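Results of the structural survey
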Amino acid sequence: MASSSKPEGSMLWDRRFTGESAYVHEDIHTANERRLGEIIGNNVAGKLYTGRSRNEQVVGDTRMWLRDELRKIDDQLTSFLKLTAARAESEINYIMPGYTSCSVLSPSDGAIGCCHTASLSPTIWSGSELGFEGILWGFMGAVADRDFVSETPLPLKFNGVLSTITAVLEKMKASFNLFMFATDVADYLARNGVTFRETHHIFGRCVAKSEEIGIPMNEPSYETLKGIDERFEEYIAEVFNYKASVESLTAKGTASKAAVLEQTEVIQKMVK
């Protein structure tokens, strides 16, 4: 493997191949040889292509460059993961609105956004069953991220954003609305034996009834909801609670406090 050491003084490329040079070269290969001659002498530089083609030299140069760039990214990624874990722990009590397609979706833990930005990979539903080494710990980042193949440079960008962004609790709370409980109502009905596909149609009828009678989603009487679907039970009122909604998400990689702390522990172990 080639050494990662670099010549002291001017960089190998300097500013000499940018069009400002007085030299005229046939191509990058002759330019390389001339510049190398300035650094180590022409007698040695003239042997550059002994036993190797110019293509081999270019591939070697490219691999040396890529190796150094990957080392830089590795440091940035480590810093990024440490930052996500630290912010997740410090913002564990924040509740924020989750979004889908620019619309408010459901309540979420503010810290979960930090953990999920670390999930720069495709979703792994069942880990070893699909031949993967394990699961991804952030369900939002894992599912929302569709460009994972080309995202190698992103840790540097995220470090700057994540280290300076400020959570404004008042603005997050101002975005809350009762339609955020669509998934909670769906989960509630699913626990009562309703198929998940059917739950969304039922919730749609609840929304329509709420608008028809002019009262918030959480205020229709039990009798009104029972009239929409007989599988509603009296404890449906307990569903409309933002904090309870977040804490009900107990699967790995989700938004409850316990799940987030588990994720931060995993991240911290990764960067030790």
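The preceding data block contains the structure.
Quick caveat, the model's predicted, so the values are computed rather than measured. (Residues numbered from 1 in each chain as written. Predicted model: local features only at pLDDT ≥ 70, side-chain atom pairs only at ≥ 80, totals over all residues. Heavy atoms only, no water.)

Some words on the pattern of salt bridges
Once their charged atoms are close, side chains differing in charge can pair, the charge on each being opposite to the other. Within the structure shown, the criterion is met by 9 salt bridges. One salt bridge in this structure joins R35 and E38, with 2.7 Å as the shortest N-O distance. Of this pair, R35 and E38 both sit in helix α1 (residues 28-40), separated by 3 residues, roughly a single helical turn. Its relative accessible area of 33% is what places E38 among the partly exposed residues. Its salt-bridge partner being E69, residue K72 comes within 2.9 Å of it at the nearest N-O pair. Remark: E69 and K72 occur in helix α3 (residues 54-90); sequence separation between them is 3 residues, near one turn of the helix. (Salt bridge = Lys/Arg side-chain N within 4 Å of Asp/Glu carboxyl O. Helix = DSSP H or I, 4+ residues; strand = E, 2+ residues; numbered from the N terminus. Buried < 20%, exposed > 50% of the residue type's maximum accessible area, 1.4 Å probe, protein only.)

Describing helix α12 (residues 257-270)
Between its first and last C-alpha, α12 extends 20 Å over 14 residues, near the 20 Å set by a 1.5 Å rise per residue. Along α12, the residues classified as buried are A259, V260, Q263, T264 and I267. With its buried residues spanning 135 degrees around the axis, α12 presents them on a single face. Every exposed residue of α12 that faces more than 90 degrees away from the buried side is listed here: A258 and K269. (Expected span 1.5 Å × (residues − 1). Arc of directions from axis to C-beta.)

With respect to the nonpolar core
Counting residues in hydrophobic clusters, the biggest one holds 17 residues, and the most contacted among them are V185, L189, I202, C206, F232 and I236. Every element with two or more residues in this core is listed here: α8 (182-191), α9 (196-213) and α10 (222-228). Apart from the residues within four sequence positions on either side, L189 is in contact with V194, T199, I202 and F232. The next biggest cluster of nonpolar side chains, apart from the first, holds 6 residues, and it includes L81, A85, L162 and V271. (Core = buried A, V, L, I, M, F, W, Y, C linked by side-chain atoms within 4.5 Å. Contact = heavy atoms within 4.5 Å.)

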